[in-house]
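Examining the three-dimensional arrangement
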Amino acid sequence: MSKEFDVVVIGAGPGGYIAAIRAAQLGKTVACIEKWKNPAGTLKLGGTCLNVGCIPSKALLASSEEFENASHHLADHGISVENVKVDITKMLARKEGIVEKMTKGIEFLFRKNKITWLKGHGKFTGKTDAGVQIEVSGEGTDGETREVVTAKNVIIATGSKARHLPNVPVDNKIVADNEGALSFTEVPKKLAVIGAGVIGLELGSVWRRLGSEVTVLEVLPEFLGTADQALAKEAAKQFKKQGLDIQLGVKISEVKNSGNSVSLAYTDKDGNAQTLDADRLIVSIGRVPNTDNLGLESIGLKANERGFIDVDDHCATSVPNVYAIGDVVRGPMLAHKAEDEGVLVAEIIDGQKPHIDYNCIPWVIYTEPEIAWVGKTEQQLKAEGREVKTGQFPFMANGRALGINKADGFVKMIADAKTDELLGVHIISANASDLIAEAVVAMEFKAASEDIGRICHPHPSLSEVMREAALAVDKRALNM
Ligand code: FAD
Ligand code: NAI
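The structure displayed is predicted, hence computed values, not measured ones.

How each quantity is defined
- Residues numbered from 1 in each chain as written.
- Chains lettered and ligands numbered in written order.
- Predicted model: local features only at pLDDT ≥ 70, side-chain atom pairs only at ≥ 80, totals over all residues.
- Heavy atoms only, no water.
- Near = heavy atom within 4 Å.
- Polar contact = N/O pair within 3.5 Å; in protein donor to acceptor, adjacent residues only side chain to side chain.
- Areas by Shrake-Rupley, 256 points an atom, 1.4 Å probe, with all protein chains shown as cover.
- Helix = DSSP H or I, 4+ residues; strand = E, 2+ residues; numbered from the N terminus.
- Nonpolar A, V, L, I, M, F, W, Y, C, P; charged D, E, K, R; others polar.
- Domains from an automatic or database assignment.
- Contact = heavy atoms within 4.5 Å.
- Buried area = accessible area lost by both parts, 1.4 Å probe.
- Salt bridge = Lys/Arg side-chain N within 4 Å of Asp/Glu carboxyl O.
- Pairing = 2+ DSSP bridges.
- Axes fitted to C-alpha atoms, helices over the stretch in contact; angles between N-to-C directions.
- Buried < 20%, exposed > 50% of the residue type's maximum accessible area, 1.4 Å probe, protein only.
- Core = buried A, V, L, I, M, F, W, Y, C linked by side-chain atoms within 4.5 Å.
- Parallel < 35°, antiparallel > 145°, perpendicular 65-115°, else oblique.
- Left-handed = near helix turned anticlockwise from the far one by under 90°.

1. Here's the deal with the site of ligand 1
As a structural note, the neighbourhood of ligand 1 is formed by 38 residues, with Glu-34, Thr-48, Lys-58, Gly-122 and Ala-335 the closest of them. Note that an oxygen atom of ligand 1 is positioned 2.6 Å from one of the side-chain N or O atoms of Glu-34. Coverage of ligand 1 by the protein amounts to 94% of the 1,000 Å² it exposes when considered alone. For the shell around ligand 1, the secondary structure elements donating two or more residues are helix H1 (14–25), strand E2 (30–34), helix H2 (47–52), helix H3 (54–73), strand E3 (116–128) and helix H8 (335–349). Counting residues per element, the shell around ligand 1 draws most heavily on H2, at 4 residues. For the shell around ligand 1, the per-class residue count stands at 16 nonpolar, 17 polar and 5 charged.

This is the structure we're talking about:
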């Protein structure tokens, strides 16, 4: 007889492991199938986010920022540091230590919540009256064990993987995707990056700070097209000042990996043929959903033409009791979006009626300054024909920002011209990732800009700029 569970989750990234925990909290019997192995061959929970995504990238961003501060900015405080050196092996070990702590933490949470970790690849094999059948294969103690489990409810949380360029093999040594780019064992003298999206900007920044000469090649003519263009303009200015060479409107024609270095041929925005030689290349051109060898057809499902699993607003697929969440479904590929969908589905399975407002999911790009936003951009709202008013306030006029030597950037708030309801908040500044949380709360509560303007904010703090931007919507900022 196959083992039976109330809920089987396929994938233990932030979507899957959070769904498993929430379902277990609600009294369900839960199993989670996960096959991820680290380079040492150890099975790991946590998915992309913990192993090769959010967590290791933020560790390296923090280390490289310390290096840049010591090398260039401590002098502004009257502190001189000579001979600043970087030990990449130690930096990578610190990053790996954080990943290890976090992934082990999930193993602890699984034990605490009595969640069974089924180690291996999960694949649907069919449906019976008892539930959905899933085969788990490949990673049992004897190497080739296969077992079939039965699930009353299934949550597909198989996530995504890096998109690669056709005919450009990724060896994660010279030509890297996110996995290799988080583990270069030395600082490349010249680094090429294809794609000026989130990974290109974050990992391009890491290696630039550590000493690489970085060129980012982006196919689109517009920089950061999904962000509010006021932020995109300011970001482009700051990155240029830092020495990131971002070229827009390029078309890559050839990538040659010699085994020691890489040579790129491309056409620039004016149609001129160009070449770029580099020691390493990062390919960061988006991600594709993981639906390979999942046996979807055996239960009457299939991935859509872009490889995603179609779901409704409640993450339900067309097959009863089968849900899908996170990067494998529509919507932004963000860890906190995957987590929220995990909680939502577990609660739906429990008979509750939860809801996610996708307009209130924040975005953050962890560059310096950070870029964060929630809600709509001014360009989107104008295209919708909505009448809006905006308020903007710079960090230059904030005492705390000056004190910590992080006075670049601003907050821009957009409110409905008549009702004053907040429609979008856009921040470029130090700690924008933390500041945006206030805007998310405000928008979830359908606050007006006046609400933020009336609320007491601590002094001196960066959050005062949030209040000033809100007041600026009504043209009454106090410190400008
Ligand atoms: P994943 O995290 O991809 O997990 C899916 C899991 O399913 C994997 O462990 C995989 O092994 C497993 N799996 C797949 N198929 C099967 C199968 N058939 N059987 C068993 N197991 C299977 N997002 C943010 O919000 N903030 C950030 O700062 C951020 N930084 C990022 C930095 C980088 C470099 C990258 C690459 C991504 C980053 N992201 C960030 C995006 C974030 O990592 C993803 O949105 C998030 O991990 C998606 O979670 P998920 O649970 O849907 O999938
Ligand atoms: P992305 O979608 O952010 O950016 C990809 C960029 O590559 C786009 O600007 C695109 O126009 C460009 N591009 C595509 N094909 C190209 C080509 N042939 N030549 C040149 N440019 C090309 O994808 P990215 O950076 O790979 O990241 C994947 C996803 O991971 C992100 O969309 C995001 O969802 C998630 N992520 C989130 C982070 C965060 O929240 N801070 C950090 C890193 C990743």
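2. Points about the domain arrangement of the protein
Partitioning the protein into domains gives domain 1 (3–161 + 288–356), domain 2 (164–285) and domain 3 (361–473). A C-alpha centroid distance of 30 Å is found between domain 2 and domain 3. Listed by partner, the interface residues are 18 residues for domain 2 and 21 residues for domain 3. Roughly 1,500 Å² is buried in total at the junction of domain 2 and domain 3, and carbon and sulfur atoms are behind 67% of that figure. Together, Glu-202, Asp-228 and Leu-231 form the three largest contributors to the area buried by domain 2 at its contact with domain 3, with a combined 36%. Where domain 2 touches domain 3, the interface holds 1 salt bridge. Among the ionic pairs, Lys-412 bridges to Asp-228, the shortest N-O distance being 2.9 Å. The tally of links from domain 2 across to domain 3 stands at 5 residue pairs in polar contact (both at pLDDT 80 or more). Of all the secondary-structure elements, those providing two or more residues to the side of domain 2 that touches domain 3 are helix H6 (198–209) and helix H7 (229–242). Sorting elements by how many residues they give to the side of domain 2 that touches domain 3 places H7 first, with 9 residues.

3. Details of the sheet that holds strand E11 (residues 251–257)
Strand order in the open sheet made by the 3 strands is E11-E12-E13, with antiparallel pairing throughout. Edge strands, defined here as strands with exactly one partner in the open sheet, are E11 and strand E13 (273–278). Averaged over neighbouring strand pairs, the angle between their axes works out to 20° when direction is ignored. The pairing of E11 with strand E12 (residues 262–267) spans 6 bridges and is antiparallel. Bridged to Glu-254 within E12 is Ala-265.

4. Observations concerning the side chain of Glu-347
For Glu-347, the location among the structural elements is in helix H8. Overall, the relative accessible area of 14% leaves Glu-347 in the buried class. A distance of 2.7 Å separates the side chain of Glu-347 from the side chain of Arg-22, its partner in a polar contact. Those residues in contact with Glu-347 that sit more than four places away from it in its chain are Arg-22, Leu-26, Gln-352 and Pro-354.

5. Section: the nonpolar core
Within the largest apolar cluster, 35 residues are counted, with the highest numbers of intra-cluster contacts made by Trp-207, Leu-224, Ile-282 and Ile-371. When residues of this core are traced back to their parent elements, those giving at least two are H3, helix H4 (88–112), strand E8 (190–194), H6, strand E9 (213–217), H7 and strand E18 (370–375). Once you skip the residues sitting within four places of it in the chain, Leu-224 turns out to touch Ala-196, Leu-201, Gln-229, Ala-232, Ala-235, Ile-365 and Ile-371. Of all hydrophobic cores here, the second largest spans 33 residues; its members include Val-9, Ile-155, Ala-335 and Leu-344.

6. Remarks on the pattern of salt bridges
Inspection of the entire model under this criterion finds 27 salt bridges. Across the salt bridge formed by Asp-292 and Lys-161, the nearest N and O atoms sit 2.9 Å from each other. Remark: Lys-161 occurs in strand E6 (residues 160–162) and Asp-292 occurs in the loop between strand E15 (287–289) and strand E16 (322–324); sequence separation between them is 131 residues. Shared partners join several salt bridges into a network, and the residues in it are Lys-44, Glu-100, Lys-104 and Glu-107.

7. Observations concerning the environment of Val-86
Of note, Val-86 is situated in the loop between H3 and H4. Accessibility expressed as a relative area gives 28% for Val-86, which makes it partly exposed. Separated by 40 residues in the primary sequence, Val-86 and Gly-126 have C-alpha atoms spaced 54 Å apart. Val-86 has contacts with Phe-67, Met-91 and Leu-210, leaving out every residue within four places of it along the chain.

8. Overview of the packing of H1 against H8
Their axes nearest at 7 Å, the elements H1 and H8 cross at an angle of 30°. The angle between H1 and H8 places the two elements in the roughly parallel class. For the crossing formed where H1 meets H8, the hand is right-handed. Contacts between H1 and H8 pair Pro-14, Gly-15, Ile-18, Ala-19, Arg-22 and Ala-23 from the former with Ala-335, Ala-338, Glu-339, Gly-342, Val-343, Ala-346 and Glu-347 from the latter. Class assignment for the residues of the contact of H1 with H8 results in 8 nonpolar, 2 polar and 3 charged.

9. Quick word on the sheet that holds strand E20 (residues 410–416)
In space, the 5 strands of this open sheet follow the order E17-E18-E21-E20-E19, with antiparallel pairing throughout. The open sheet has two free edges, formed respectively by strand E17 (363–365) and strand E19 (388–394), since each of these has just one partner strand. The average undirected angle you get between the axes of adjacent strands in this sheet is 10°. Pairing geometry for E19 and E20, over 7 bridges, is antiparallel. When the bridges of E20 are listed, Gly-391 appears paired with Met-413. Here helix H11 (residues 432–444) sits on the sheet and contacts E17, E18 and strand E21 (422–429); the angle it forms with E18, its principal contact strand, is near 10°. Contacts between helix H13 (residues 464–473) and the sheet are confined to E19, E20 and E21, with E19 contributing the most and set at about 140° to the helix.

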